Amino acid sequence: MTVRTRPPSLPRRPSKALLIGLVISSVLAVIVLVGMLLEGGPLGFGLSMLLAVAPLPLLLAAVLSLDRLEPEPPLHLGFAFAWGAGVAIVLGVVLTIAGQAMFARAGYGPQTVEEVGTAYLAPVIEEALKGSALLLLLIRRREIDGLTDGIVYGAMAGLGFAVVENVGYYVTAFTEDGVGGAVQLFVIRGLIDPLGHPVYTAMTGLGVAYALTRRGPARFAAIPLGYFAAVLLHGLWNGAALLQSIGWLGLAYLVIMGALVGLVLVTVRDRRQLLAKMGGYLPTYQATGHVTPPDITMLSTLSGRRAARKWAKGVGLGRAMGDYQQAATELTMLHLRAEREGADPAFAAERDALLDVMAQARRW
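Residues numbered from 1 in each chain as written. Predicted model: local features only at pLDDT ≥ 70, side-chain atom pairs only at ≥ 80, totals over all residues. Heavy atoms only, no water.

Asker: Just to check I follow, could you spell out the overall build of the protein chain for this structure?
Answerer: In terms of helices and strands, the protein chain carries 14 helices and zero strands. Here the protein chain has a C-alpha radius of gyration of 23 Å; the compact-globule value for 364 residues is 21 Å, and the two agree. Across its three principal directions, the C-alpha atoms of the protein chain cover 75 × 45 × 40 Å. Relative to its 364 residues, the protein chain shows a buried fraction of 48%. Across the protein chain, contacts joining residues at least 24 apart in sequence account for 79% of those joining residues at least 6 apart. Accessible surface, the protein chain as shown: approximately 17,500 Å² in total, 69% of it carbon and sulfur. Each charge class in the protein chain can be summarised by its mean position, and for the 30 positive and 25 negative side chains these summaries are 10 Å apart. (Helix = DSSP H or I, 4+ residues; strand = E, 2+ residues; numbered from the N terminus. Rg over C-alpha atoms; globule rule 2.2 N^0.38 Å. Buried < 20%, exposed > 50% of the residue type's maximum accessible area, 1.4 Å probe, protein only. Contact = heavy atoms within 4.5 Å. Areas by Shrake-Rupley, 256 points an atom, 1.4 Å probe, with all protein chains shown as cover. Lys, Arg positive; Asp, Glu negative; His and termini not counted. Charge placed at Lys NZ, Arg CZ, Asp CG, Glu CD.)

So this is what it looks like as structure tokens:
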């Protein structure tokens, strides 16, 4: 959210819990990466880090593009990414090893223990840990205003996890088979299936967002359902990899890509619904002079917003148009939260602050 919703003298304080979580997660991620450096040496680690990070800019751009209409705060996005890269990685390894040790003590052989850890324990544990990033974000529940927000936060946690995990896999491949082994694994994990973890955890995020943005007690069932979907997709891919069957891997890949398409369709529908709501709420403010019928028409369609930004950029008002559109979007979200959650003592102050932004930005 790039628009200030309070006067500059009263900025919203960042959540202490999120800041603490960000620091702890980042420190843990660094510790894990240092361990990988010691294991693979400078050459192996450097190559592995390069391979793991290479697709990241494109993947981040793809995830963030889903939420351009109402961007999330960088601190919250950074927290979700760091949580996946740090806390989820460390606890995932510890708990999976502990679970495998229990099966080993029960008398199962090493191969069975390894298969159970990969196909069952890892999906259950890792998806719970990555998805738990949304628990701290629930404290700042005002940041999850729609299904798209949950998908984006879940995907960010998945991306953080995938980057660090991939470094570990590439280091191991380099240690065993040299540069060729690491590059060969990169083709599978970095090029063919780079969106696995983001898609898995986005399913949990979708469930959490649905529970937060809908009414009725039944909505909370969406959280375990989203988590179950994440575990199912994760387990399907890991199980197919264990079987080393092209057929099963192809099926798993198609299912995951189908889930990805479904998530994108959800974000498109979510965006269209938000734009439609703008046409319902904004006419109330025509008397202020900050919103006119042509403005409402422009704000209520993606094509209209793009055309307006293009025109404004040509006359030197690109930043002003962006601020105006963002403030109008935030104003609509403010009304949606009030409609969903009831009266908020801060509603009037935030509404007036957003209208002030719109008044200052509207110079056409």
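Now that the structure has been shown, the text picks up again.
Asker: Explain the pattern of salt bridges to me, please; I cannot follow it from the model alone.
Answerer: Proximity of charged atoms lets side chains of opposite charge pair with each other. Applying the stated criterion across every chain yields a total of six salt bridges. One salt bridge in this structure joins Glu127 and Lys130, with 2.7 Å as the shortest N-O distance. Separated by three residues within a single helix, Glu127 and Lys130 lie in helix H5 (residues 110-131), roughly one turn from each other. For Arg351, the salt bridge is made with Asp352, and the minimal N-O distance between the two is 3.1 Å. (Salt bridge = Lys/Arg side-chain N within 4 Å of Asp/Glu carboxyl O.)

Asker: How do you make sense of a nonpolar patch on the surface when you look at a structure like this?
Answerer: A contiguous nonpolar surface patch, about 470 Å² in accessible area, is contributed by Val179, Val183, Val187, Ile188, Leu191 and Ile192. For Val187, the location among the structural elements is in helix H7 (residues 147-192). (Patch = residues over 30% accessible without salt bridge, like charges linked within 9 Å, V, L, I, M, F, W, Y side chains within 5 Å.)

Asker: What am I meant to see in the nonpolar core here?
Answerer: Looking at soluble globular proteins, one finds that nonpolar side chains tend to be buried together. Tyr153, Met156, Leu233 and Leu263 are the most contacted members of the largest nonpolar core, which has 38 residues in total. Excluding residues within four positions of it along the chain, Leu233 makes contact with Val199, Tyr200, Met203, Val255, Ile256 and Ala259. Counting residues in each nonpolar core, the second largest holds 29 residues, with Leu282, Leu299, Ala308 and Leu334 among its members. (Core = buried A, V, L, I, M, F, W, Y, C linked by side-chain atoms within 4.5 Å.)

Asker: Teacher, can you tell me more about unusual backbone geometry here?
Answerer: Positive phi values are uncommon outside glycine, yet Gln244 reaches one of about 55 degrees. With respect to the secondary-structure elements, Gln244 resides in the loop between helix H9 (222-243) and helix H10 (246-281).

Asker: Is there a simple way to think about the packing of aromatic side chains in this case?
Answerer: Aromatic rings in a pair are described by how distant their centres are and how their planes are angled relative to each other. Tallying each qualifying case throughout the model produces four aromatic pairs. Measuring from centroid to centroid gives 5.1 Å for Tyr324 and Trp364, while their planes differ by 85 degrees, and the two rings are edge-to-face. One end of the pair, Tyr324, is in helix H13 (residues 318-341); the other, Trp364, is in the segment after helix H14 (347-361), with 40 residues separating them in the sequence. Looking at Tyr324, the relative accessible area reads 0%, which means it is buried. The ring of Phe161 carries the charged tip of Lys130 above its face, separated from the ring centre by 5.2 Å. (Phe/Tyr/Trp six-rings, centres within 6.5 Å; stacked < 30°, edge-to-face > 60°. Lys NZ or Arg CZ within 6 Å of the ring centre and 35° of its normal.)

Asker: Can you help me understand H7 in this one?
Answerer: Each α-helix winds once per 3.6 residues, and so residues spaced three or four apart point in a common direction. For H7, which comprises 46 residues, the first-to-last C-alpha distance of 27 Å sits more than 12% below the rise-based estimate of 68 Å (1.5 Å per residue). Residue Asp177 marks the point of greatest curvature in H7, where the axis turns by about 140 degrees. (Expected span 1.5 Å × (residues − 1). Bend = angle between axes of the 7 residues up to and from the residue.)

Asker: I'm lost on the environment of Phe228 in this one. Help?
Answerer: Checked against the element boundaries, Phe228 lands in helix H9. Taking the C-alpha atoms as reference points, Phe228 and Pro123, 105 residues apart in sequence, are found 9.9 Å from one another.

Asker: Help me out: how do you make sense of the environment of Gly99 in this one?
Answerer: In this structure, Gly99 sits in helix H4 (residues 87-105). Between the C-alpha atoms of Gly99 and Gly150, which are 51 residues apart in sequence, the distance is 29 Å.

Asker: How should I be thinking about the packing of H7 against H10 in this particular structure?
Answerer: Packed helix pairs are specified by the crossing angle of their axes together with the interaxial distance, meaning the distance between the axes. Relative orientation of the contacting elements H7 and H10 amounts to 150 degrees, with a least axis distance of 12 Å. Between H7 and H10, the angle is such that the two are roughly antiparallel. For the pair H7 and H10, the sense of crossing is left-handed. Packed against H7, whose contacting residues are Leu147, Thr148, Ile151 and Ile192, the element H10 presents Tyr253, Leu263, Val266, Thr267 and Asp270 at the interface. Classifying every residue of the contact of H7 with H10 by side-chain character gives six nonpolar, two polar and one charged. (Axes fitted to C-alpha atoms, helices over the stretch in contact; angles between N-to-C directions. Parallel < 35°, antiparallel > 145°, perpendicular 65-115°, else oblique. Left-handed = near helix turned anticlockwise from the far one by under 90°. Nonpolar A, V, L, I, M, F, W, Y, C, P; charged D, E, K, R; others polar.)

Asker: I would appreciate a short explanation of the packing of H5 against helix H8 (residues 196-213) in the present structure.
Answerer: Between H5 and H8, the least distance of the axes is 9 Å, while the angle of their chain directions is 65 degrees. Between H5 and H8, the interaxial angle falls into the category roughly perpendicular. When the axes of H5 and H8 are compared, the crossing they make is right-handed. Contacts between H5 and H8 involve Glu126, Glu127, Lys130 and Gly131 from the former and His197, Tyr200, Thr201 and Thr204 from the latter. Of the residues assigned to the contact of H5 with H8, the class counts are one nonpolar, four polar and three charged.

Asker: Can you help me understand the side chain of Glu126 in this one?
Answerer: In this fold, Glu126 is placed in helix H5. In this structure Glu126 is buried but unpaired, with Lys130 as the nearest side chain of opposite charge at 5.4 Å. A polar contact is formed between the side chain of Glu126 and the side chain of His234, at a distance of 3.5 Å. If we ignore the near neighbours within four places in the chain, the residues touching Glu126 are Leu121, Phe161, Glu165, His197 and His234. (Polar contact = N/O pair within 3.5 Å; in protein donor to acceptor, adjacent residues only side chain to side chain.)

Asker: Please explain the confidence of the model for the protein chain as it appears in this structure.
Answerer: Detailed reading of predicted coordinates is not advised where the pLDDT is low. The predicted model of the protein chain averages 91 in pLDDT, with 95% of residues at 70 or higher. Of all the helices and strands in the protein chain, helix H6 (residues 133-139) carries the lowest mean pLDDT, 77, while H4 carries the highest, 97. (pLDDT = per-residue confidence, 0-100.)

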